[in-house]
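The chain contents come next:
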Amino acid sequence: MLDIAREIVRTSLVWDNHACMPLRPEDHSFLPQLEDVRASGVNVISLNVGFGPQGPDEHLAMLDSFSTWVSSHSDDYLLIQSIADVETAQKSKRLGVMFDVEGMVPLDNGRIDLVEAFRTRGVGWMLVAYNRNNDAGGGCAEEEDIGLTVYGRKVIAEMNRVGMIVCCSHTGHRTAMEVMEASCDPVIFSHSNAKAIWDHYRNIPDELIKACAATGGVVGVNGLSSFLGNRDASPGRVAEHIDHMVQLVGPAHVGIGLDYVFDRKELEEYLATMKETFPNDASLQEPMDFAHPSQMAEIAAHLLERGYSDSDVRLILGGNWLRVAAAVWR
């Protein structure tokens, strides 16, 4: 089955919609690890350029840093800014690199102008809140989810205008539902797992999975053991969360956003020093394991063993993300 899965990966668009490189401008020491991702057959990967309380200057510095590296390694990598770029990356066997922003804090104090600036520099999606409430809406780790604010509605309208995908991972459940009602375009959860499989505040209930699908959106399953459950980050466990969602909404609304962290030490430092961003949660303190983007074929093999068709596996590997991007990106 693994050989069949490898052939599907080789001939499919494979898109990992979230990964975390170190957020240290001009430190490119970890970026060569993307070669393992490219060599495994992944065609597109989205790199985080900022999260939580980080401000606009920090986000822009990371955009400059990552873009410079990608441009200087153009034989193997391509900056993704359009659907045509995705097709070019796949045909030329380069790894397409796009960017994402985790939360609307850099837009606080009325910086809606940054939405278009981010989009033109390769940011494909932005989520509303990273665990905590902000000016736009509520985070999933708050006792009280404040809902989508008037300002948040203005930001979403601007995202719809410029063609940036709205993401509700890390966002409070009330806020996420209101976002999906407010957006004119499909909404995604780039890296969120099924609460019905593992009851964690970062995971989403079935009602949100169904609401996301109703917008035409996609839920991307992540590969963190803390959110997959049972300290298990195996491809089989990832496939279990995928299968739960597929049974709810069908294969056209599920994808993969593994949220692989390339620098574990940096993550440990964030967890230790950013107590306001990361709640005191035992699942984040225990040793975490991560499914790696190079394990896409193994994930696909588990889906085939569950009876998934070739075409359904191809949708989950990347076809669904392509459809949403084609509907939203201008």
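In what follows, the accompanying structure is described. (Residues numbered from 1 in each chain as written. Predicted model: local features only at pLDDT ≥ 70, side-chain atom pairs only at ≥ 80, totals over all residues. Heavy atoms only, no water.)

### A short note on the overall build of the protein chain
Thought 1: Secondary structure assignment for the protein chain yields 14 helices and ten strands.
Thought 2: Taken over the C-alpha trace, the protein chain has a radius of gyration of 18 Å; the compact-globule value for 330 residues is 20 Å, and the two agree within 12%.
Thought 3: For the C-alpha atoms alone, the extent of the protein chain along its principal axes is close to 50 × 45 × 40 Å.
Thought 4: Considering the protein chain as a whole, with its 330 residues, one finds that 63% of them fall into the buried category. (Helix = DSSP H or I, 4+ residues; strand = E, 2+ residues; numbered from the N terminus. Rg over C-alpha atoms; globule rule 2.2 N^0.38 Å. Buried < 20%, exposed > 50% of the residue type's maximum accessible area, 1.4 Å probe, protein only.)

### Examining the environment of Val49
Thought 1: By secondary structure assignment, the location of Val49 is in strand S2 (residues 44-51).
Thought 2: Distance in space between the C-alpha atoms of Val49 and Leu23 is 6.7 Å, their sequence separation being 26 residues.
Thought 3: Leaving out residues up to four positions away in the same chain, Val49 has contacts with Leu23, Glu58, His59, Met62, Leu63, Phe66, Phe99, Asp100 and Val101. (Contact = heavy atoms within 4.5 Å.)

### So, the pattern of salt bridges
Thought 1: In the structure shown here, the tally under the stated rule is 18 salt bridges.
Thought 2: Its salt-bridge partner being Glu7, residue Arg10 comes within 2.7 Å of it at the nearest N-O pair. With Arg10 and Glu7 both in helix H1 (residues 2-11) and three residues apart, this pair spans about one turn of that helix.
Thought 3: Residue Arg10 is classed as exposed on the basis of its relative accessible area, which comes to 56%.
Thought 4: Salt-bridge contacts for Arg237 lead to Glu240; the nearest nitrogen and oxygen are separated by 2.9 Å. In this pair, Arg237 and Glu240 both sit in helix H10 (residues 235-249), three residues apart, roughly one turn of the helix.
Thought 5: Taking relative accessible area as the criterion, Arg237 reaches 7% and is therefore assigned buried.
Thought 6: Taken together, the salt bridges that share partners define one network made up of Arg24, Asp27, Asp263 and Glu266. (Salt bridge = Lys/Arg side-chain N within 4 Å of Asp/Glu carboxyl O.)

### Points about the packing of H10 against helix H13 (residues 296-305)
Thought 1: Where H10 contacts H13, the two axes come as close as 8 Å, and the packing angle between them is 55 degrees. The orientation of H10 with respect to H13, classified from their angle, is oblique. The handedness of the crossing between H10 and H13 comes out as right-handed. When H10 is examined against H13, the residues Pro235, Gly236, Val238, Ala239 and Ile242 are found in contact with a partner set consisting of Glu298, Ile299, His302 and Leu303. (Axes fitted to C-alpha atoms, helices over the stretch in contact; angles between N-to-C directions. Parallel < 35°, antiparallel > 145°, perpendicular 65-115°, else oblique. Left-handed = near helix turned anticlockwise from the far one by under 90°.)

### Some details on the packing of aromatic side chains
Thought 1: All chains considered together, the criterion is met by nine aromatic pairs.
Thought 2: Their ring planes at 90 degrees and their centres at 5.9 Å tell us that Tyr130 and Phe278 sit as a pair that is edge-to-face. Linking Tyr130 in the loop between strand S5 (123-127) and helix H6 (150-162) with Phe278 in the loop between helix H11 (264-273) and helix H12 (282-285), this pair joins segments that are 148 residues apart in sequence.
Thought 3: By relative accessible area, Phe278 is classed as buried at 8%.
Thought 4: With centroids separated by 4.9 Å and ring planes inclined at 85 degrees, the aromatic side chains of Tyr260 and Phe262 adopt a geometry described as edge-to-face. (Phe/Tyr/Trp six-rings, centres within 6.5 Å; stacked < 30°, edge-to-face > 60°.)

Everything listed here is a matter of coordinates, which is why it stays silent on function.
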